[in-house]
Amino acid sequence: MKLVIDESRCKGCNLCVLVCPYGIFQEGTELNSRGIVAPVLDRPERCTNCRLQALYGRMLCGICHMICPDQAIAWIDEKPLEPHKVEVEF
Amino acid sequence: MIAPDWFREDRLPHIYCTGCGNGTVINCTLGAVEEMGWKREETVFVSGIGCSSRAPGYILTDSLHTTHGRALAFATGVKMARPDLNVVVFTGDGDLAAIGGNHFIHACRRNVDMTVVCMNNHIYGMTGGQGSPTTPPGAISTTTPYGASEPAFDLAELAVAAGANYVARWTSYHVKELTKAVAAGMQTPGLAFIEVRTQCPTNYGRHNKLRRVSDMIEHLRSHAMLVEKRDRLVQEGKPVPDDIFTVGELVRRNRPAMGVKS
Ligand SMILES: Cc1ncc(C[n+]2csc(CCOP(=O)(O)OP(=O)(O)O)c2C)c(N)n1
Ligand code: SF4
Ligand code: SF4
């Protein structure tokens, strides 16, 4: 699964930045086409939901998606063989 | 998004300001509705007037957007005519406790079987930030430019005293707890009242040195104290800070109720 912010809904309140235990959301710096500074994602594949939602068949954590007042956070299915940046931690 | 089957996606994004807590409360309430497994055609959302009261407009069920303060009166009517329906009321502190104060205590007294979710942002949001019966003493609003001088209502305690079967209070920061509380309220026959302290950065935060959404959330988080902790402090004879409000389940009981599905 892939974490996405729906920029047609996000109003840039940055509540997700405040709540994510992994710090996946970072305050953005650039205005989007709606004149809103939406947060940017920092290595979203670290989110438990991206990794395990399909396996467990239910929402895990999900705090960002519950607190988002604008219903802008979602997980979508990845297309097969989507390129990934893999980070190896020693 | 939470509960995609329940949102009127064509109406989104909603009218709420950036960082307004009302959207979070809709998420949590619909999360609880999903947990309950209710059907859309058996559920009615009722509201009065205010920012908070616009919530049913974003939900894909039949709803009543009624006159200011009268949401509970209309909801009582719905429940009396059709006890088989699940009734959820969205209301604001002004709607519920100022103009609708009398309906509030009597709905609790009658213990009508419905779930009332009050988004308490401490002011009248929609009309520009006037003081409401829940404006904390000292807080600045457009009608209390030198700080509110009146004591505020504690809505949850009021509901307990008036007789509601389930009463809880959380904030729009405590999303998991809030969802659980709303679901517990929906399961309890009789009136369930859930007060949610929400942030209104536009009309409350801006005047009270809490301009940023994160400041407002931090303010809510740091002033919330679990009822259990408050009770323990009282028991031990330790001082309870007077700027806190209690959160948690305040009451769950079994008084006779009206309009319960048979
Ligand atoms: C009978 C009547 N009186 C006054 C108003 C004006 N009015 C509209 S919304 C509102 C206050 C709403 O405050 P609250 O219930 O706290 O909701 P919020 O906007 O803060 O969510 C008032 C006084 C009205 N619409 N109808
Ligand atoms: S679900 Fe939890 S871990 Fe994943 S992005 Fe949201 S807050 Fe972070
Ligand atoms: S005025 Fe306040 S309550 Fe109304 S939408 Fe804006 S932030 Fe929310």
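Residues numbered from 1 in each chain as written. Chains lettered and ligands numbered in written order. Predicted model: local features only at pLDDT ≥ 70, side-chain atom pairs only at ≥ 80, totals over all residues. Heavy atoms only, no water.

Caption draft 1: Layout of the overall build of chain A. Looking only at helices and strands, chain A features three helices and four strands. Counting from the amino terminus, chain A carries its helices and strands in the arrangement β-α-β-β-α-α-β. Relative to the 2.2 N^0.38 estimate, which gives 12 Å for 90 residues, the radius of gyration of chain A is 13 Å and therefore close to what a compact globule would have. With the C-alpha coordinates of chain A rotated into their principal frame, the extents come out at 35 × 25 × 25 Å. Across the 90 residues that make up chain A, the buried fraction comes to 41%. Sequence separation of 24 or more characterises 52% of the internal contacts of chain A that already satisfy a separation of 6 or more. Here chain A displays about 5400 Å² of accessible surface, and carbon together with sulfur accounts for 57% of that area. Positive and negative side-chain charges in chain A, numbering 10 and 12 respectively, have mean positions lying 4 Å apart. (Helix = DSSP H or I, 4+ residues; strand = E, 2+ residues; numbered from the N terminus. Rg over C-alpha atoms; globule rule 2.2 N^0.38 Å. Buried < 20%, exposed > 50% of the residue type's maximum accessible area, 1.4 Å probe, protein only. Contact = heavy atoms within 4.5 Å. Areas by Shrake-Rupley, 256 points an atom, 1.4 Å probe, with all protein chains shown as cover. Lys, Arg positive; Asp, Glu negative; His and termini not counted. Charge placed at Lys NZ, Arg CZ, Asp CG, Glu CD.)

Caption draft 2: Fine view of helix α2 (residues 48–56) of chain A. Residues and elements named next belong to chain A. Three or more residues of α2 are buried, namely Thr48, Asn49, Cys50 and Gln53. Down the axis of α2, the sector holding all buried residues measures 160°, keeping them to one side. Along α2, the residues that are exposed and aim more than 90 degrees away from the buried face are Ala54 and Leu55. Among the structural elements, β1 (2–5) and β4 (73–76) are those in contact with the buried residues of α2. Where α2 ends, the next residue or the one after it, Gly57, has phi of about 70°, a positive value. (Arc of directions from axis to C-beta.)

Caption draft 3: Looking closely at the site of ligand 3. As a structural note, the neighbourhood of ligand 3 is formed by Tyr16, Cys17, Cys20, Asn22, Cys51, Asn121, Gly125, Cys200, Pro201, Thr202 and Asn203 of chain B. Residues of the shell around ligand 3, tallied by class, amount to six nonpolar, five polar and no charged. (Near = heavy atom within 4 Å. Nonpolar A, V, L, I, M, F, W, Y, C, P; charged D, E, K, R; others polar.)

Caption draft 4: Layout of the pattern of salt bridges. All names here are of chain B. Using the criterion set out here, one finds 14 salt bridges over all chains in the structure. The partner of Asp154 in a salt bridge is Arg169, with the nearest N and O atoms 2.7 Å apart. Of this pair, Asp154 sits in the loop between β6 (130–131) and α5 (155–162) while Arg169 sits in strand β7 (residues 166–171), and the two are 15 residues apart along the sequence. Given a relative accessible area of 0%, Arg169 falls into the buried group. In this structure, Glu195 and Arg169 form a salt bridge, with 2.9 Å as the shortest nitrogen-oxygen distance. Separated by 26 residues along the polypeptide, Glu195 in strand β8 (residues 192–197) and Arg169 in strand β7 bring together distant segments of the chain. One exposure class covers both Glu195 and Arg169, and it is buried. Shared partners join several salt bridges into a network, and the residues in it are Asp154, Arg169, Glu195 and Arg197. (Salt bridge = Lys/Arg side-chain N within 4 Å of Asp/Glu carboxyl O.)

So far we have only geometry, and geometry alone does not tell us how the molecule works.
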